[in-house]
Amino acid sequence: GAGVSQSPRYKVAKRGQDVALRCDPISGHVSLFWYQQALGQGPEFLTYFQNEAQLDKSGLPSDRFFAERPEGSVSTLKIQRTQQEDSAVYLCASSFGGAGTDTQYFGPGTRLTVL
Amino acid sequence: EDQVTQSPEALRLQEGESSSLNCSYTVSGLRGLFWYRQDPGKGPEFLFTLYSAGEEKEKERLKATLTKKESFLHITAPKPEDSATYLCAVRLNAGNNRKLIWGLGTSLAVNP
């Protein structure tokens, strides 16, 4: 079966532009997570969905960041009015159930560069 | 404050030279500790989950162990293909909190 996929793999945006990053989780996975990874750092949690419900968005750095998963499958992370400090790799992960100890499987990430 | 610290930051080994990576944690309650491997330009790849002190898991040349304060990833007779960044993460035992808290990783290079 296919793993987690993300698109685009690379995105270059001019400062102030809006961007949308897509995540296709493993089919049937209930939980979906977004992380931000700066160069040389570990991933930093952004937000978590269980089906279509966004249960934790405590890691979103500002109100310019917005995530949705309207049908409980594909998710989109939107960043409005991008800033240079938003440049990072955005990772999506999914897990089978709602149990917190379920293994999270990661996609390849989207590398965002804001000029 | 909940924290995960990995050491060393970088490690260079000769092929066949065994070593260990460390992940120490100070958290309010541990629900699980995870080891991942990350290759350049790719997402983290799951290796192991450990739940309680004394637990050990093995996969090929890798063995992960857990105590109440830290976890070790032992690499026996490494090969060049083991070169990667190894990341440790913990999930807290705090209600419905699902997020993982990550260390900064250990960058491992194995020379042939």
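Residues numbered from 1 in each chain as written. Chains lettered and ligands numbered in written order. Predicted model: local features only at pLDDT ≥ 70, side-chain atom pairs only at ≥ 80, totals over all residues. Heavy atoms only, no water.

### Notes on the overall build of chain A
Argument step 1. If you tally the helices and strands in chain A, you get zero helices and 11 strands.
Argument step 2. Secondary structure elements in chain A, listed N-terminal to C-terminal, are β-β-β-β-β-β-β-β-β-β-β.
Argument step 3. Taking 13 Å as the expected radius of gyration for a compact globule of 115 residues, we find that chain A reaches 13 Å, a close match to that expectation.
Argument step 4. Along the first, second and third principal axes, the C-alpha atoms of chain A reach 40 × 25 × 25 Å.
Argument step 5. Residues classed as buried in chain A amount to 46% of the 115 residues present.
Argument step 6. In chain A, once contacts between residues fewer than 6 apart in sequence are set aside, the share between residues at least 24 apart is 53%.
Argument step 7. Approximately 5,500 Å² of chain A is accessible, and the part contributed by carbon and sulfur atoms is 48%.
Argument step 8. Positive and negative side-chain charges of chain A, numbering 11 and 11 respectively, have mean locations separated by a distance of 9 Å. (Helix = DSSP H or I, 4+ residues; strand = E, 2+ residues; numbered from the N terminus. Rg over C-alpha atoms; globule rule 2.2 N^0.38 Å. Buried < 20%, exposed > 50% of the residue type's maximum accessible area, 1.4 Å probe, protein only. Contact = heavy atoms within 4.5 Å. Areas by Shrake-Rupley, 256 points an atom, 1.4 Å probe, with all protein chains shown as cover. Lys, Arg positive; Asp, Glu negative; His and termini not counted. Charge placed at Lys NZ, Arg CZ, Asp CG, Glu CD.)

### Some thoughts on the overall build of chain B
Argument step 1. Scanning chain B from N- to C-terminus turns up zero helices and 11 strands.
Argument step 2. Radius of gyration (C-alpha) of chain B: 14 Å, near the 13 Å computed for a compact globule of 112 residues.
Argument step 3. Within chain B, contacts between residues at least 6 apart in sequence are counted, and of these 55% link residues at least 24 apart.
Argument step 4. Of the roughly 5,500 Å² of accessible surface on chain B, 46% is carried by carbon and sulfur atoms.
Argument step 5. The positive charge centre, built from 14 side chains, and the negative charge centre, built from 14, are 7 Å apart in chain B.

### Some details on the sheet that holds strand β3 (residues 19-24) of chain A
Residues and elements named next belong to chain A.
Argument step 1. The sheet built from four strands is open, its strands ordered β1-β3-β8-β7 with antiparallel pairing. Of all the strands in the sheet, just β1 (5-7) and β7 (65-68) have a single pairing partner and so form its edges. Here the average twist between neighbouring strands, direction ignored, is 15 degrees.
Argument step 2. Inspection of the sheet shows β1 paired to β3 by three bridges, in the antiparallel sense. Following the sheet pairing, Ser-5 is matched in β3 by Asp-24. (Pairing = 2+ DSSP bridges. Axes fitted to C-alpha atoms, helices over the stretch in contact; angles between N-to-C directions.)

### Quick notes on the interface of chain A and chain B
Argument step 1. The partner chain B presents 20 residues to the 24 residues of chain A that form the contact.
Argument step 2. Summing the contributions of chain A and of chain B, the shared interface buries around 1,700 Å²; its carbon and sulfur component is 55%.
Argument step 3. Our count for the chain A to chain B interface comes out at zero salt bridges.
Argument step 4. Across the contact surface, chain A and chain B share three residue pairs in polar contact (both at pLDDT 80 or more).
Argument step 5. When contributions to the side of chain A that touches chain B are tallied by element, the ones reaching two or more residues are β4 (31-37) and β5 (44-50) of chain A.
Argument step 6. Each residue belonging to the side of chain A that touches chain B can be placed in one class, and the counts come to nine nonpolar, 12 polar and three charged. (Buried area = accessible area lost by both parts, 1.4 Å probe. Salt bridge = Lys/Arg side-chain N within 4 Å of Asp/Glu carboxyl O. Polar contact = N/O pair within 3.5 Å; in protein donor to acceptor, adjacent residues only side chain to side chain. Nonpolar A, V, L, I, M, F, W, Y, C, P; charged D, E, K, R; others polar.)

### Considerations on the packing of aromatic side chains
All names here are of chain A.
Argument step 1. Summed over the entire model, instances satisfying the criterion amount to 11 aromatic pairs over all chains.
Argument step 2. Relative to Phe-45, the ring of Tyr-35 lies with its centre 6.1 Å away and its plane at 75 degrees, an arrangement referred to as edge-to-face. One end of the pair, Tyr-35, is in strand β4; the other, Phe-45, is in strand β5, with 10 residues separating them in the sequence. (Phe/Tyr/Trp six-rings, centres within 6.5 Å; stacked < 30°, edge-to-face > 60°.)

### Some remarks on the sheet that holds strand β1 (residues 3-7) of chain B
Strand pairing in a sheet relies on backbone hydrogen bonds, with the paired strands running either antiparallel or parallel.
Residues and elements named next belong to chain B.
Argument step 1. Pairing within the open sheet is antiparallel, and its five strands lie in the order β1-β3-β8-β7-β6. Looking at the sheet topology across the chains shown, the edges are occupied by β1 and β6 (56-59). The average angle at which neighbouring strand axes cross in this sheet is 15 degrees, direction not considered.
Argument step 2. The pairing of β6 with strand β7 (residues 62-66) spans four bridges and is classified as antiparallel. Bridging across to β7, Lys-57 finds its partner in Ala-64.

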